[in-house]
Amino acid sequence: MDKENLLRLVDSLHRDKEIAKEVVFQGIEAALITAAKKHFRSQEAVSIQIDRKTGEIVAMEGDRKIDPSELGRITAQTAKQVIIQKIREAERDVIFEDFCKRKGVIVSGKVQRFEGATMIVNLGKTEGVLQKSEQTANEHYTIGERVRAVILDVKKMGTRVKITLSRTHPDFVRKLFELEVPEIAENTIEIKALAREAGQRTKIAVASSDENVDCVGACVGMRGSRIKNIVDELNGEKIDIIRWSEEPELLLPNALKPAEVSGIILSPENRTATIVVPNDQLSLAIGKRGQNVRLASRLTEWNIDIITDAEFEKRQKAGDVELAEVADINDVSANDLAGKNVAAANSEYNDNVESKS
């Protein structure tokens, strides 16, 4: 290969494969050294350098200068194979570095093929893998259809890069909100907690750093436009947006919505909360197969036990309830709980405290 063709090859690889020119030059030099050693079978050290500007090859065997034509056709073929390998490795490294930076980011691609239940997605420069466990049960795609997913993991596998995608991870919903709600991307609104059962329901707690910005309203959007886009992307998955609070007396009732709450008994030492709800709200508070209370518990990181007003009254009569703290749900006042039975219990608790002091 003459000097001009060599420089054109390097420039072409740099532009087409986005591989740094220096990496290509080093790969060619390493390939030529390997080929020269095999060809000459010499004990002398072999060194080869390529002038980065002119493309001239300077080859040395010990102190002897080697004419590149001495390498012969077999050596040239060996060098070509090594060059190809080095280029593939460099290309892999470029893709690996690129997608490592995008870990946790949503990408879009076309469904290229299926390998069993695993979906292979064309991401342009490479392919992404969407395993069955990272797909929601209610979603079905066909070849050629566009799909969005979050990059979950990036690994080198030989000369390839394995990019694992996910549509079930909570970060997929988190990133969708960042894309749809500018206030989140600008850090005016912060996602404080998120709990998800993919394909069914998500609870997300948000807070605003600007008192003039309604965190829940901003996430919902005008006439529900923002939340609708997210729900559509998730194929109808239900999303509960709640207002975050550092006070569990406020956070826990919000997390259990849409159910109404009468009162709360807190045990901070083991982060357990007994939530009292009206008799007709029990099934709504628990949710289908316990989903609502399960997600609320994960969102708040509190163990939640739900009882009705009637059950609370029975426990009080049996003396089985130890009140660590009774909190009002409406105004965090211990004197006016919405549930009559809880209010009576709180009054009795306060009386006991006063009599002991």
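Refer to the structure printed above.
Conventions we followed
- Numbers given to residues run from 1 along each chain, matching the order in which its sequence is written.
- Only residues with pLDDT of 70 or above have their local features reported here, since the model is predicted, and side-chain atom pairs are shown and tallied only from 80 upward, although totals for entire chains, interfaces and linings are computed over all residues.
- To get the side-chain values, take all heavy atoms of the structure and skip hydrogens and water.
- The way it works is that DSSP assigns letters per residue, a run of H or I at least four long becomes a helix, a run of E at least two long becomes a strand, and they are numbered from the N terminus.
- Burial classification: accessible surface area is computed with a 1.4 Å probe over protein chains only, and a residue below 20% of its type maximum counts as buried, one above 50% as exposed, and the rest as partly exposed.
- Contacts are residue-level and defined by heavy atoms, with any inter-residue pair within 4.5 Å sufficient.
- Residue burial considers only the protein chains on display, and all accessible areas are found by Shrake-Rupley using a 1.4 Å probe.
- Two strands pair if DSSP finds at least two bridges between them.
- Angles shown run from 0 to 180 degrees and are taken between the N-to-C directions of axes, each axis being a line fitted to C-alpha atoms and, for helices, limited to the stretch in contact.

**Student:** Explanation requested: the overall build of the chain in the structure shown.
**Tutor:** Summing up its helical and strand segments, the chain has twelve helices and 15 strands in all. Residue burial in the chain is summarised as follows: out of 357 residues, 43% are buried. Considering only contacts in the chain between residues 6 or more positions apart, those separated by 24 or more positions represent 59%. Only carbon and sulfur atoms are counted for the fraction: they give 46% of the accessible area of the chain, which is about 19,900 Å².

**Student:** What is the right way to look at the environment of E44 in this model?
**Tutor:** Tracing the chain through its elements places E44 in the loop between α2 (21–40) and β1 (46–50). Judged by its relative accessible area of 48%, E44 falls in the partly exposed class. When residues no more than four places from it in sequence are discounted, the contact partners of E44 are E61 and G62.

**Student:** What exactly am I supposed to notice about the sheet that holds β1 here?
**Tutor:** By definition, the strands of a sheet pair up through backbone hydrogen bonds, in either a parallel or an antiparallel sense. The strand order across the open sheet formed by three strands is β1-β2-β3, and the pairing between neighbours is antiparallel. Of all the strands in the sheet, just β1 and β3 (64–66) have a single pairing partner and so form its edges. Across the sheet, the axes of successive neighbouring strands diverge by a mean angle of 25°, strand direction being ignored. Alignment of β1 against strand β2 (residues 57–61), held across five bridges, turns out to be antiparallel. Across the sheet, the residue bridging to I50 is I57, located in β2. Each of β1, β2 and β3 touches α2; the most contacted strand, β1, lies at about 150° to it.

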